[in-house]
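Structural overview for review
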Amino acid sequence: MKGKAFKFGDNISTDHIAPGRLFHLRSDLQEFAKHVLEDADENFAKNMNKGEFLLTGQLGEVMKESAQAGISFIRSVAEQYKIPKEFFEKHDIHIHIPEGAVPKDGPSAGITMATAMVSAITKVPVKADVAMTGEITLRGRVLPIGGLKEKILAAKMAHMKKVLVPDKNRPDIGELSKEILDGLEIVYVSTMKEVLDQ
């Protein structure tokens, strides 16, 4: 989550959204193919400290599995991001995806959910003009996803400036016209470390 205007330890500027919130691209253009992933704030969660992992909203099984893979990866690299070992025992982690009436499934939100969790835990925000899509593995590898053209179009409609996509989706980006890509910085990622470094 290190960008030109922000890195760990810097003051938070107005071009960042609250820690734990960021945009994941979807292929539903009527919703700008994005939705916000967010964690519960401290006031809401003050009486919820049992070390539970909660998922709310109408999520499909594949998306739930992606969230589980994300939290497993974060636990394995917690020390690298200065997350205390006991954090996961003393704090609940709650991912809520708004618009719960709209069913959501698929693995493409994997890196987004993992990034949202790291952001919420470390209190480091993500730039508001960054969107991402990609499947995550237990070891933090980023796998390719489908429907990329629609997701890139959605990023454009949502006025995103940078889009993180799986490295193995390069051929799909290569098939897009200059008109679609104009104004977007496409960043290819193959690991969660590369995602968080952005």
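Report on the accompanying structure.

Each value, and the rule that gives it
Each chain carries its own residue numbering, running from 1 in the direction its sequence is written. The model is predicted, so local features are restricted to residues of pLDDT at least 70 and side-chain atom pairs to those at 80 or more, both for listing and for counting; the totals for chains, interfaces and linings are taken over all residues. Excluding hydrogens and water, the side-chain figures rest on all heavy atoms present in the structure. Where helices and strands are cited, they refer to DSSP runs of H or I of at least four residues and of E of at least two residues respectively, numbered from the N terminus. Summary of the burial criterion: residues with accessible area below 20% of their type's maximum are buried, those above 50% are exposed, and those between are partly exposed, where the area comes from a 1.4 Å probe applied to protein chains only. Residue contacts are defined here by distance: any two heavy atoms, one from each residue, within 4.5 Å place the two residues in contact. With residues, only the protein chains shown are counted as cover, and all accessible areas are computed by Shrake-Rupley using a 1.4 Å probe. Centres within 6.5 Å are what make two rings of Phe, Tyr or Trp a pair, Trp counting through its six-membered ring; a difference in plane orientation under 30 degrees is then read as stacked, over 60 as edge-to-face, and the rest as tilted. Here, nonpolar core means buried Ala, Val, Leu, Ile, Met, Phe, Trp, Tyr and Cys residues that are tied together by side-chain atoms lying within 4.5 Å of each other. What a helix is expected to span follows from its residue count: subtract one and scale by 1.5 Å.

Let us look at the overall build of the protein. Scanning the protein from N- to C-terminus turns up eight helices and nine strands. Residues counted as buried form 47% of the 198 residues belonging to the protein. A separation of at least 24 residues holds for 72% of the contacts in the protein among residues at least 6 apart in sequence. When the accessible surface of the protein is split by element, carbon and sulfur atoms take 50% of a total near 10300 Å².

Take the packing of aromatic side chains next. In the structure shown here, the tally under the stated rule is one aromatic pair. Considering the side-chain rings of Phe-87 and Phe-88, the 5.5 Å spacing of their centres and the 85° angle between planes classify their relative orientation as edge-to-face. The exposure class of Phe-87 is buried, given its relative accessible area of 15%.

This part takes up the nonpolar core. Counting 35 residues, the largest nonpolar core has Ile-74, Ile-83, Phe-88, Ile-93, Met-192 and Val-195 as the members making the most contacts within it. Those elements that provide at least two residues to this core are helix H2 (61-76), helix H3 (87-90), strand S4 (93-96), helix H4 (110-122), strand S5 (130-132), strand S9 (185-189) and helix H8 (192-197). With near-sequence residues (within four places) excluded, Ile-74 lies in contact with Ile-83, Phe-88, Ala-114, Met-117, Val-118 and Ile-121. In terms of nonpolar packing, the next biggest core, distinct from the first, is built from 14 residues, Ala-131, Leu-148, Ala-155 and Ile-186 among them.

This next bit is on H4. With 13 residues, H4 should cover 18 Å at 1.5 Å per step; its first-to-last C-alpha distance of 18 Å lies within 8% of that length. For H4, the tally of buried residues reaches twelve of 13 residues, placing the bulk of the element in the interior. Among the residues making up H4, those that are buried are Gly-110, Ile-111, Thr-112, Met-113, Ala-114, Thr-115, Ala-116, Met-117, Val-118, Ser-119, Ala-120 and Ile-121. Of the residues one or two after H4, Lys-123 is the one with positive phi, at around 65°.

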